[in-house]
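Fold and geometry: a report
Below are the chains, spelled out letter by letter.
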Amino acid sequence: DKVRRFFAEAKNLGIDIAAPDINRSQLEFTIEDEGERPLIRFGLGAIKNAGEASLSQIIDEREANGVFTGVQDLCDRVNLQQVGKRPLEYMIKARVFDCWGTPAQFMDALDRIVSYSSSTHKAASAGQMTLFGGTATVAPMNVDLLHPGEKVKEIEHKELLEFEKEALGVHVSEHPLERPLAALHRVTKGFTIANIDANYNGRSVRLAGMISHVRTLTTKKGDPMAFATLEDLDSKIDLVLFPKTWKLVREQVTVDQVMLVVGK
């Protein structure tokens, strides 16, 4: 919750936030100022289901021997089987590997990537010592792990945004509500849920957002009514739909529906 609030505050201040990156991110959040204007880069440690021990293997190798030039280079230098498939899956969802390919390509190739990396490190370990006590190196094969020959079906934009939220707790590249709320900006005049405070008690307000939760019930008189939750880019508010209103709008008020709401 704190990250979401800080994220919204940074965006309001015009500060860019960037998704984690395999060659740029540290464990914690960092500031990058080599571009036109500084930005805050997500740390790998912010990715859910990716433990510090797994991530440190990648960061330590990169810091010791330079950035990774591609998927195969990462596989050859870090045993990704030790990192684990689940952490790697959430790294894909967090857009860590976007500099090399799409999330769809990486999801499709995940088993191949882990298998290749494991085999490479097993071969290197087995061949470390020669019969005469010297060391032997295993020359890496040149393989294309992301392109198996069949075209991979791309993941829909909305699903990619949900991947980000699942892995990082927030939508980084774009909030799925940004476009529809921008279209309703003229009607709401930019008024958001966060603008509501005690001064608005009893006053009529007009809000745009997405219905994230609906619960129906029946009054003592037997009339159906509902409670719902409306969310915008960084806040949420509870709605009470009394029987007269619920009768009129119950076909429209559904989870994930973007709505313009007028209420007191």
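Conventions we followed
Residues numbered from 1 in each chain as written. Predicted model: local features only at pLDDT ≥ 70, side-chain atom pairs only at ≥ 80, totals over all residues. Heavy atoms only, no water. Helix = DSSP H or I, 4+ residues; strand = E, 2+ residues; numbered from the N terminus. Rg over C-alpha atoms; globule rule 2.2 N^0.38 Å. Buried < 20%, exposed > 50% of the residue type's maximum accessible area, 1.4 Å probe, protein only. Contact = heavy atoms within 4.5 Å. Areas by Shrake-Rupley, 256 points an atom, 1.4 Å probe, with all protein chains shown as cover. Lys, Arg positive; Asp, Glu negative; His and termini not counted. Charge placed at Lys NZ, Arg CZ, Asp CG, Glu CD. Pairing = 2+ DSSP bridges. Axes fitted to C-alpha atoms, helices over the stretch in contact; angles between N-to-C directions. pLDDT = per-residue confidence, 0-100.

**Here we look at the overall build of the protein**
Along the protein, the regular secondary structure elements total ten helices and seven strands. Computed over C-alpha atoms, the radius of gyration of the protein comes to 25 Å, more than 25% over the 18 Å expected from 2.2 N^0.38 for 264 residues, which places it beyond the range of a compact globule. Once the C-alpha set of the protein is aligned to its principal axes, its extents read approximately 90 × 40 × 30 Å. Counting every position in the protein, which comprises 264 residues, the buried fraction comes to 38%. If you take every contact in the protein between residues at least 6 apart in sequence, the share linking residues at least 24 apart comes to 56%. As displayed, the protein has an accessible area near 16,100 Å², and 52% of this comes from carbon and sulfur atoms. Across the protein, the centroid of the 33 positively charged side chains sits 11 Å from that of the 37 negatively charged ones.

**Some thoughts on the sheet that holds strand β1 (residues 16–18)**
Overall, mixed pairing links the three strands, which are arranged β1-β3-β2 in an open sheet. In this open sheet, the two strands that pair with only one neighbour each are β1 and β2 (30–32). Across the sheet, the mean angle from the axis of one strand to that of its neighbour is 35 degrees, orientation sign disregarded. Here β2 pairs with strand β3 (residues 39–41) via three bridges, running antiparallel. Pairing of I31 across the sheet is with I40, part of β3.

**Here's the deal with the confidence of the model for the protein**
Confidence in the prediction for the protein averages 88 pLDDT; 92% of positions are at 70 or higher. In the model, residues 129–139 has pLDDT below 50 throughout and makes nine contacts with residues more than four positions away in sequence or in other chains.

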